[in-house]
Amino acid sequence: MTKNSQHLAYLISGGLGFMMFSVLLHADVRGFQDRYFADVDGSTWVLQLETNKTFQSMVTAKLQMGGTRNRYLLIGGLKDSQITGSYKPLIGNTDTYKEERRFEINRLNENSLRLTLSDENGKAKQSLTFNANAQQTPIDTAILGTWLTDAEPAGSLKNPYSGEQWTIRFMEDGTLCENSYTVDTREPQIPKDPCLTSQEQRWKAIDGKVYTTTGSEDWTMQFNYRLMGGRMVVSYPGGKRRVANMTTGFTLSADNR
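Treat the numbers as computed from the prediction; the structure is a model and nothing was measured.

What counts, and where the lines are drawn
Residues numbered from 1 in each chain as written. Predicted model: local features only at pLDDT ≥ 70, side-chain atom pairs only at ≥ 80, totals over all residues. Heavy atoms only, no water. Helix = DSSP H or I, 4+ residues; strand = E, 2+ residues; numbered from the N terminus. Buried < 20%, exposed > 50% of the residue type's maximum accessible area, 1.4 Å probe, protein only. Contact = heavy atoms within 4.5 Å. Areas by Shrake-Rupley, 256 points an atom, 1.4 Å probe, with all protein chains shown as cover. pLDDT = per-residue confidence, 0-100. Salt bridge = Lys/Arg side-chain N within 4 Å of Asp/Glu carboxyl O. Phe/Tyr/Trp six-rings, centres within 6.5 Å; stacked < 30°, edge-to-face > 60°. Lys NZ or Arg CZ within 6 Å of the ring centre and 35° of its normal. Disulfide = S-S within 2.5 Å. Pairing = 2+ DSSP bridges. Core = buried A, V, L, I, M, F, W, Y, C linked by side-chain atoms within 4.5 Å.

For the protein, the count of helices and strands is 1 helix and 17 strands. Taken over 257 residues, the protein has a buried fraction of 37%. For the protein, the proportion of contacts with a sequence separation of at least 24, taken over those separated by at least 6, is 40%. Carbon and sulfur atoms form 49% of the exposed surface of the protein, whose accessible area is close to 15300 Å².

Right, dumping it as structure tokens:
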């Protein structure tokens, strides 16, 4: 066998070995569920796992600790039924995380795992059991409540002071109401309850996207959202964008239904 032939054979065998190794890793990853939940002091924490797209032996996880303001990125290696690595805040200031902080995930059974987070000294500071539940949808507590846009000019020559106002209400029971209506931009804006004029839908928020359904299990992505300076910036798939503020200091009529 020539040197070129030997080199080619090594490449083929190495490639096949890597493919088999990747398959085994993916099979092991599939032993985990995609999403797990934990109830922590009345707040729902969500742990979402996914195979790293660049390195087959790595696993990426996102931990949402009750709301969008407390999110962490976990990156680690997989061995048997255990994932170990380091974690850091997904957004915000990471200065307090200059020292590497370790985590450990142990699969307990088909539907549960144990997550342990260590502090900057390597000592376990938190250890929680997470459970998978296909019927449960993550609720982003940071957006619960009613959001309202300023009146956006939508006037014509006949109605130069006509404008559009948009409001959406996220409820803790997993339903929402969304509505747009015409207002007179010269008048003080009085929020209207969207639940009195629009159909309630079930909602869930995953990775900055809001999905809705009217009753079936066919979820539709409604829009992307970001929280910036106390405002919610909404971007629809078609390109339309809204900026809404959380309404405070009043009770909507739907609260008394």
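Following the structure, the description resumes.
Across the protein, pLDDT averages 77, with 75% of residues at or above 70. Averaged pLDDT values over the elements of the protein bottom out at 41 in helix H1 (residues 3–29) and peak at 95 in strand E7 (residues 112–118).

We now examine the pattern of salt bridges. Tallying each qualifying case throughout the model produces 3 salt bridges. When the shortest N-O distance is used, the salt bridge between Arg101 and Glu120 registers 3.2 Å. Residue Arg101 is found in strand E6 (residues 101–109), and its partner Glu120 is found in the loop between E7 and strand E8 (124–131); the two are separated by 19 residues along the sequence. Of the residues examined, Arg101 reaches a relative accessible area of 10% and is grouped as buried. Asp184 is paired through a salt bridge with Arg186; the nearest N and O atoms lie 2.9 Å apart.

On to the packing of aromatic side chains. Per the stated rule, a full pass over the model turns up 4 aromatic pairs. Taking the centre distance of 6.5 Å and the plane angle of 80 degrees together, the rings of Trp166 and Phe223 count as edge-to-face. One end of the pair, Trp166, is in strand E11 (residues 162–170); the other, Phe223, is in strand E15 (residues 220–228), with 57 residues separating them in the sequence. Residue Trp166 is classed as buried on the basis of its relative accessible area of 0%. Between the aromatic rings of Phe170 and Trp203, the centroid separation amounts to 4.9 Å while the plane-to-plane angle is 70 degrees, which identifies the pairing as edge-to-face. Taken as a pair, Phe170 in strand E11 and Trp203 in strand E13 (residues 201–206) lie far apart in primary sequence, 33 residues in all. Exposure class is identical for Phe170 and Trp203. Each is buried. An aromatic cluster of at least three residues, connected via ring pairs, comprises Trp166, Phe223 and Tyr236. Geometry around Phe32 places Arg107 over its ring, the cationic atom sitting 4.8 Å from the centre.

Before going further, it helps to examine the state of the cysteines. The full count for this structure, using the stated rule, is 1 disulfide. The residue that forms a disulfide with Cys177 is Cys195, at a sulfur-sulfur distance of 2.2 Å. Note on the Cys177 and Cys195 pair: the S-S dihedral is about 100 degrees, so by sign convention the disulfide is right-handed. In this pair, Cys177 sits in strand E12 (residues 175–184) while Cys195 sits in the loop between E12 and E13, placing the two residues 18 residues apart along the sequence. Pair check on accessibility: Cys177 and Cys195 agree, each one buried.

Further remarks concern the pairing of strand E4 (residues 71–79). As paired elements, strand E3 (residues 58–65) and E4 share 7 bridges and run antiparallel to each other. Residue pairing across strands places Val59 opposite Gly76, the latter belonging to E4. The pairing of E4 with strand E5 (residues 82–89) spans 8 bridges and is antiparallel. Bridged to Gly76 within E5 is Gly85.

The next thing to look at is the nonpolar core. Nonpolar side chains tend toward joint burial in soluble globular proteins. Counting 23 residues, the largest nonpolar core has Leu63, Ile105, Leu113, Leu115 and Phe130 as its most contacted members. Looking at this core, the element that brings in the most residues is E3, giving 4 residues. Those residues in contact with Leu115 that sit more than four places away from it in its chain are Leu63, Leu74, Phe103, Glu104, Ile105, Gln126, Ser127, Leu128 and Phe130. Core analysis: the next-biggest nonpolar cluster, separate from the first, contains 16 residues, Trp147, Ile168, Phe223 and Ala244 among them.

So, about the pairing of E15. When a strand is regular, its side chains alternate between the sheet's two faces. Pairing analysis gives 4 bridges linking strand E14 (residues 209–213) to E15, with the strands arranged antiparallel. When the sheet's bridge partners are listed, Val210 is paired in E15 with Phe223. In this sheet, strand E16 (residues 231–235) lies alongside E15 in antiparallel orientation, the contact comprising 5 bridges. Bridge pairing in E16 places Tyr225 opposite Val234. In this antiparallel pair of consecutive strands, E15 and E16, the connection spans 2 residues, and Gly229 shows a positive phi of 55 degrees.

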